[in-house]
Every structure is written in structure tokens, then in C-alpha cells.
Amino acid sequence: MRSVNDARKWIREAEAITVLTGAGISAESGIPTFRGAGGLWKQFRPEDLATPEAFERGPKLVWEWYDWRRTLIAAAQPNAGHLALAALEKTKPRFTLVTQNVDGLHERAGSRNVVKLHGDLWTLRCTVCGREKREERAPLPELPPHCGCGALMRPGVVWFGEMLPRAAWEQAEQATRAADVFLVVGTSAVVYPAAGLVPLAKTCGARVIECNMEETPFSAELDRAFRGAAGELLPQLIAS
Ligand code: APR
């Protein structure tokens, strides 16, 4: 148990904590992950659904997939992993939650300083005038949705091949460089640039602690790599 107690001590004593989460933290809320067993990319091909070309080719098909995910997530609840991170944030002077997830469950769990690297499923953006609007109805009343200007609206998420929002990336990088402890939770750490935050944290001197069901490319070089469910591991790690 030394290993968990060390990690608990580092977390307890840290002034600045940065967390990177991926789809695995929402798995216990019933939201399928992308890779690994039962992953979405087993049933669907990313290039058919999560690229600008796919949207260009068939906006209705892409929207049907996102509408399915929005409807699933709307019925889901944040789990103990989300709640543990929201509780930890309240105890730290500097805390940044960087997420690759677009489901909004961190905010629903009460997290405040959330940096969304891959956008947000609840935001729609006009493909012509660029107007954004928050739309929480699921299923959507109209598929595909249209803007007041008459043009198609797209999901406010980052697709493969697209740039991450600059402000979000800069905030994530800065918080990673400044972290005393960097938690990486529920991500396969294979999609860049997000995955690059893990080695960056290590290089910048943070204690890096992983909570994941499976091994990741960085597990062997981290200060602690705990195998298991985020909903079980995180409450243990943050318990005072
Ligand atoms: N607790 C902790 N980890 C879990 C759990 C759980 N309950 N369930 C699954 N995992 C782990 C899996 O072992 C896997 O390593 O979560 C990880 C999820 O990895 P991915 O499905 O690849 O999701 P993610 O890393 O977030 O993907 C990154 O890829 O498809 C794109 O844009 C999409 O943001 C996504 C990005």
C-alpha cells in the first residue's frame, strides 16, 4: 500500500494540481470509450464520423451519430471519479482540469476550471457565419440542425485533422508546466497533441500519477501507474 500512500501524500501536499482526463473517466457513467474493449471505434470508423470530410460527405449521418451520443449522455450521471475531481479542486489554490471529453460531465459534477481540448457536444457552430449556440435538447428537434442564417450547423467538437482551440491548448500547456502533481485519468494517451501533456508534465518536474484500466505508452515512466476504474481509484487517492 506504500504506493497508494505515496500518491496520496503527493496529492495532499501539492499546491498546484493539473489533471488530464479521457473517455475512461466517463465509462462508469455508461458512456462508451473510443478504443479498447467495447470502444466506439470498434463499431464505427473515426474517418466516417469524426472528420470534416465525413461531415461534408454526409452531414445527416454524422449528426445522427452525435445526436445518439448526446441523447445517451443527457441520460447519464457524473460518476464517483468526476465527483472526486470536483471535490479535490475545492481544496487546492491552483487546480486545472484538462479534458479530452466533450460530454460535459465534469461541469455537471461541479468542476469549475475545466479546459476542453476537444470542444463540447452541447455547443453547435454554424458552418458559414460561425455563430455558436448552446443546445441541450436531445434528441435534436431537427437533424441536421440549421443556423438562423440558414446554413448547416456542426457539433462544436474538434475532429481528426482539425486544430485544437488555441486558448484551451495554451491554458492546458501552462497548467501542465506549473503542476506539482499531474493526474492522468482514463485516457489511452495515443491522440496528440493532448497526449503530449503527459511527458511534458514529467519533463517539467511534476509527480505524474496515472489511473487507467489498461497500460498506456507512458505508464512505465510515470511516478505511479494505478490499474483500475477511475470511480474507485480517485476517491481513494484524494481521501484526506
Ligand atoms: N476507469 C479508468 N480508465 C478506464 C475506464 C475506467 N472505468 N474504462 C476504460 N478506461 C481506459 C481504457 O483502458 C483506455 O485506456 O480509458 C481509456 C480510454 O481511451 P480512449 O477510448 O482512447 O479515449 P481517449 O484517450 O479519451 O481518446 C482520446 O480520441 O477518439 C478521439 O477525440 C476522441 O477525445 C478522444 C481522443
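Analysis parameters
Residues numbered from 1 in each chain as written. Predicted model: local features only at pLDDT ≥ 70, side-chain atom pairs only at ≥ 80, totals over all residues. Heavy atoms only, no water. Helix = DSSP H or I, 4+ residues; strand = E, 2+ residues; numbered from the N terminus. Rg over C-alpha atoms; globule rule 2.2 N^0.38 Å. Buried < 20%, exposed > 50% of the residue type's maximum accessible area, 1.4 Å probe, protein only. Contact = heavy atoms within 4.5 Å. Areas by Shrake-Rupley, 256 points an atom, 1.4 Å probe, with all protein chains shown as cover. Lys, Arg positive; Asp, Glu negative; His and termini not counted. Charge placed at Lys NZ, Arg CZ, Asp CG, Glu CD. Near = heavy atom within 4 Å. Polar contact = N/O pair within 3.5 Å; in protein donor to acceptor, adjacent residues only side chain to side chain. Domains from an automatic or database assignment. Axes fitted to C-alpha atoms, helices over the stretch in contact; angles between N-to-C directions. Parallel < 35°, antiparallel > 145°, perpendicular 65-115°, else oblique. Left-handed = near helix turned anticlockwise from the far one by under 90°. Nonpolar A, V, L, I, M, F, W, Y, C, P; charged D, E, K, R; others polar. Buried area = accessible area lost by both parts, 1.4 Å probe. Pairing = 2+ DSSP bridges. Arc of directions from axis to C-beta.

Turning next to the overall build of the protein chain. In terms of regular secondary structure, the protein chain is built from 11 helices and nine strands. The C-alpha radius of gyration computed for the protein chain amounts to 18 Å, which stays within 12% of the reference 18 Å derived for 240 residues, consistent with globular compactness. Per-residue burial for the protein chain yields a buried fraction of 52% across its 240 residues. In the protein chain, of all internal contacts separated by at least 6 residues, the share reaching a separation of at least 24 is 67%. For the protein chain, the computed accessible surface area is about 11100 Å², with 53% contributed by carbon and sulfur atoms. Charged side chains in the protein chain number 29 positive and 28 negative. The centres of these two groups are separated by 3 Å.

To continue, consider the site of the ligand. Close to the ligand lie 22 residues; Phe34, Arg35, Thr187, Ser188 and Glu214 are nearest. For the ligand, a nitrogen atom lies 3.3 Å from a polar atom in the backbone of Met213. Mapping the shell around the ligand onto the domain boundaries places at least three of its residues in each of domain 1 (1-30 + 78-118 + 164-240) and domain 2 (32-75 + 120-157).

Relative to each other, helix α7 (residues 80-90) and helix α11 (residues 230-238) sit at 25°, their axes nearing to 7 Å. Between α7 and α11, the angle is such that the two are roughly parallel. Remark: the crossing between α7 and α11 carries left-handed chirality. Together, Ala80, Gly81, Ala84, Leu85, Ala87 and Leu88 of α7 and Ala230, Gly231, Leu234, Pro235 and Ile238 of α11 make up the contact between the two elements. The class makeup of the residues in the contact of α7 with α11 is nine nonpolar, two polar and no charged.

Take the domain arrangement of the protein chain next. Here the domain parsing of the protein chain yields domain 1 (1-30 + 78-118 + 164-240) and domain 2 (32-75 + 120-157). Here the C-alpha centroids of domain 1 and domain 2 sit 26 Å apart. Considering only the side of domain 1, the residues that lose the most area to domain 2 are Ala23, Val102 and Asp103, jointly responsible for 41% of the buried surface there. If you look at where domain 1 meets domain 2, you find three residue pairs in polar contact (both at pLDDT 80 or more). Looking at the side of domain 1 that touches domain 2 residue by residue, the classes come out as five nonpolar, five polar and four charged.

With burial as the criterion, only one face of strand β9 (residues 224-227) is covered, namely that bearing Arg224 and Phe226; the residues Ala225 and Arg227 on the opposite face remain uncovered. As defined by bridge partners, strand β8 (residues 207-212) adjoins β9 across four bridges and the pair is classed as parallel. Paired with Cys211 across the two strands is Phe226, which belongs to β9.

This part covers α11. Since the α-helix advances by 3.6 residues per turn, residues separated by three or four positions end up pointing in the same direction. Residues of α11 that are buried: Ala230, Gly231, Leu233, Leu234 and Leu237. Along the long axis of α11, the arc covered by the buried residues comes to 165°, so they all point the same way.

The omega torsion across Ala138 and Pro139 is 0°, close enough to zero to call that bond cis. Relative to the assigned elements, Pro139 resides in the loop between β5 (132-134) and β6 (153-157). The residue after Tyr192, namely Pro193, is reached through a cis peptide bond having omega 5°. Relative to the helices and strands, Pro193 resides in the loop between β7 (181-185) and α10 (197-203). Backbone geometry at Ala189 places phi at a positive 55°, although glycine is not the residue there.

Consecutive side chains of a regular strand alternate in pointing toward one face of the sheet and then the other. Counting buried positions along strand β4 (residues 119-126) gives seven out of eight residues, so the element sits mostly inside the fold. Strand direction decides the pairing type here: β4 and β6, joined by five bridges, are antiparallel. Across the sheet, Leu124 pairs through a bridge with Pro155, a residue of β6. Bridging between β4 and β5 involves three bridges; their strand directions are antiparallel. Of the residues in β5, the one forming a bridge with Arg125 is Glu132. As consecutive antiparallel partners, β4 and β5 are separated by five residues, and within that stretch Gly130 has a phi angle of approximately 80°, a positive value.

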